[in-house]
Amino acid sequence: MTSLPYHGLRLLAVHAHPDDESSKGAATSAKYASLGARVLIASMTGGEAGDILNPALLQSPKASRDIAGLRREEMATAAAALGAEHVWVGHVDSGLPDGDFDNQTPPGCFYRVPDEVAMLPLVHIIRTFRPQVVTTYDELGGYPHPDHLKNHAVTMAAVEAAADANSHPELGEPWQVQKIYFNQDLSAKKWITIHEKMLEAGLESPFADHLEDFKKRDNQRHNWLSTRIACSEFFSARDRALLSHATQIDPEGGFFSASRKAARTYWPTEEFELALDLTGREPLNRDLDFQETDLFAAVTFDDGRRVPDEGMLPESPAADDLDVDSAVPTESDTRA
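Summarised in this report is the structure supplied together with it. Since the structure is predicted, the reported quantities are computational estimates derived from the model, not experimental observations. (Residues numbered from 1 in each chain as written. Predicted model: local features only at pLDDT ≥ 70, side-chain atom pairs only at ≥ 80, totals over all residues. Heavy atoms only, no water.)

**Topic: the packing of aromatic side chains**
Put simply, the rule is: In this scheme Phe, Tyr and Trp rings, the latter by its six-membered ring, pair at centre separations within 6.5 Å, and the angle between planes marks the pair as stacked below 30 degrees, edge-to-face above 60, and tilted otherwise. Secondary structure elements are defined from DSSP: runs of H or I of at least 4 residues count as helices, runs of E of at least 2 residues count as strands, and each element is numbered from the N terminus. A ring is considered to have a charge above it if a Lys NZ or an Arg CZ atom is located within 6 Å of its centre and within 35 degrees of its normal.
One pass over the structure, following the stated rule, counts seven aromatic pairs. Between Tyr 32 and Phe 296, the aromatic rings sit 5.0 Å apart at their centres with planes inclined by 85°, giving edge-to-face as the arrangement. With Tyr 32 in helix α2 (residues 26-34) and Phe 296 in the segment after β7 (269-277), this pair connects stretches of sequence that are 264 residues apart. An aromatic cluster of three or more residues is present, and its members are Tyr 6, Tyr 32 and Phe 296. The ring centre of Phe 290 lies 4.0 Å from the NZ or CZ of Arg 228, which sits over that ring. In this structure, Arg 238 is placed above the aromatic ring of Phe 235, and the distance from its NZ or CZ to the ring centre is 4.0 Å.

Laid out in structure tokens, this is it:
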């Protein structure tokens, strides 16, 4: 029996809270898992400071009494929907203060733990799981949440330390990650393009009120969409995973349903930014988007085999070439 093509490859997706793994790169995780790769989701915090965002659960005794416990159950269901493994890194949710993160996040929370301490459990996870590829957030966190900013810093520090034989040898044998990617599912380019295509189709866009935020975020840094993964066949698994986080997602919420349907129609891929490449291949051009179609492109297996530079996944369609007439949502579907 021929093994699945990605058997022997490992992807570690590091996220700040339970539910982040289902809204950023989730269909990609599900696709790789289906093709034989081991996909491990590491949740930095338990989401203890999260609010109940689903009106249907506002009166739930369990949600109000033990939201941390309930979110652990939700996370297990979400990981199963994606076909992924899961581990809790063990830090405490920092919450989202309105003002200065340094002064308004609570003592002992993830954001307040020094990077060189916060990274230690993740170093152990990396050395134990031995991923060829790691995904995390960019230096701005994808959006300004203290735990997302910290997630970036700690992941980058942990990858570096995990490869250093002199750094914390008690945490396991050193392991060199070959590639790091930043999740870019929330890129301004993606959602502005979807907004414009909906208007061209004569539809009301749910993103009109968010355009200024998208543009402001895009002006803060150059989000290089180096890599796009064709994964629309796993959007349903992604949606099931996200809806598993019932305390955080209102399934009747207009923005949730509209954004998911719009992305399925106009942008059936997920994007990443290549942040570290130690594969030895020719460097990608940072001035050009969409140069890769596989996170494992050029990666070396444990047995010395090498994934081709072009990867092993089917080529993704360009956004301008997508068939937007085959599944156009109705106007009522797209109202926020």
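**Structural notes on the pattern of salt bridges**
For clarity, the cut-off: The salt bridge criterion pairs a side-chain nitrogen of Lys or Arg with a carboxyl oxygen of Asp or Glu, the two atoms within 4 Å. Residue exposure (1.4 Å probe, protein chains only): buried if accessible area is under 20% of the type maximum, exposed if over 50%, otherwise partly exposed.
As enumerated under the stated definition, the model contains 20 salt bridges in all. Put simply, Asp 302 and Arg 10 hold a salt bridge, and the shortest N to O gap is 3.0 Å. Here Asp 302 is found in the segment after β7, whereas its partner Arg 10 is found in strand β1 (residues 10-15), with 292 residues between them in sequence. As a salt-bridge pair, Asp 302 and Arg 130 come within 3.4 Å of each other at their nearest N and O atoms. Remark: Arg 130 occurs in the loop between α7 (120-129) and β4 (133-136) and Asp 302 occurs in the segment after β7; sequence separation between them is 172 residues. Residue Asp 302 is classed as partly exposed on the basis of its relative accessible area of 43%. If you follow the salt bridges from partner to partner, you end up with Asp 138, Glu 139, Arg 221, Glu 273 and Arg 286 in one network.

**Focus: unusual backbone geometry**
Notably, Arg 130 is not glycine yet its phi reads approximately 55°, a positive angle. In this structure, His 168 takes a positive phi of about 50° despite not being glycine. For His 168, the position within the fold is in the loop between α8 (146-162) and β5 (179-183). By relative accessible area, which is 28% here, His 168 ends up partly exposed.

**Description of the side chain of Glu 270**
Keep this limit in mind: Counting rule for charge: Lys and Arg are taken as positive, Asp and Glu as negative, and neither His nor the chain ends is counted. We call two N or O atoms a polar contact when they sit within 3.5 Å, provided that within protein one can donate a hydrogen and the other can accept it, with sequence-adjacent residues counted only if both atoms are side-chain atoms. Note on definitions: a residue-residue contact is assigned when non-hydrogen atoms from the two residues lie within 4.5 Å.
Here Glu 270 is to be found in strand β7. In this structure, Glu 270 is buried with no salt-bridge partner, the nearest side chain bearing the opposite charge being Arg 238 at 4.5 Å. In this structure the side chain of Glu 270 is engaged in a polar contact, spanning 3.2 Å, whose partner is the backbone nitrogen of Ala 27. For Glu 270, the contacting residues outside a window of four places in its chain are Gly 25, Ala 26, Ala 27, Thr 28, Asp 185, Thr 227, Arg 228, Ile 229, Cys 231 and Arg 238.

**A few points about the sheet that holds strand β2 (residues 38-45)**
Heads up, the rule is: Between any two strands, at least two bridges found by DSSP are needed for them to pair. Simply put, an axis is a line fit to the C-alpha atoms, just over the touching stretch for a helix, and the angle between two N-to-C directions goes from 0 to 180 degrees.
Spatially, seven strands are ordered β3-β2-β1-β4-β5-β7-β6 in an open sheet, and the strand pairing comes out mixed. The open sheet has two edge strands, β3 (85-91) and β6 (227-230), and neither has a second partner. Along the sheet, successive strands turn relative to each other by an average axial angle of 25°, direction set aside. For β4 and β5, the ladder comprises four bridges, and the chain directions are parallel. Its bridge partner lying in β5, Val 134 is registered against Ile 180.

**A few points about the packing of α7 against α8**
Which entries qualify depends on this criterion: Any angle that falls under 35 degrees is termed roughly parallel, while one over 145 is termed roughly antiparallel, one within 65 to 115 roughly perpendicular, and all others oblique. Each crossing is labelled by how the near helix is turned from the far one, with a counterclockwise turn of less than a right angle marking it left-handed and a clockwise turn marking it right-handed.
Closest axis-to-axis distance for the α7/α8 pair is 9 Å, and the angle between their directions is 55°. Here α8 runs oblique to α7, going by the angle between their axes. Considering only the axes of α7 and α8, their crossing is right-handed. Contacts from Leu 122, Val 123, Ile 126 and Arg 127 in α7 reach Val 154, Thr 155, Ala 158, Val 159, Ala 161 and Ala 162 in α8.

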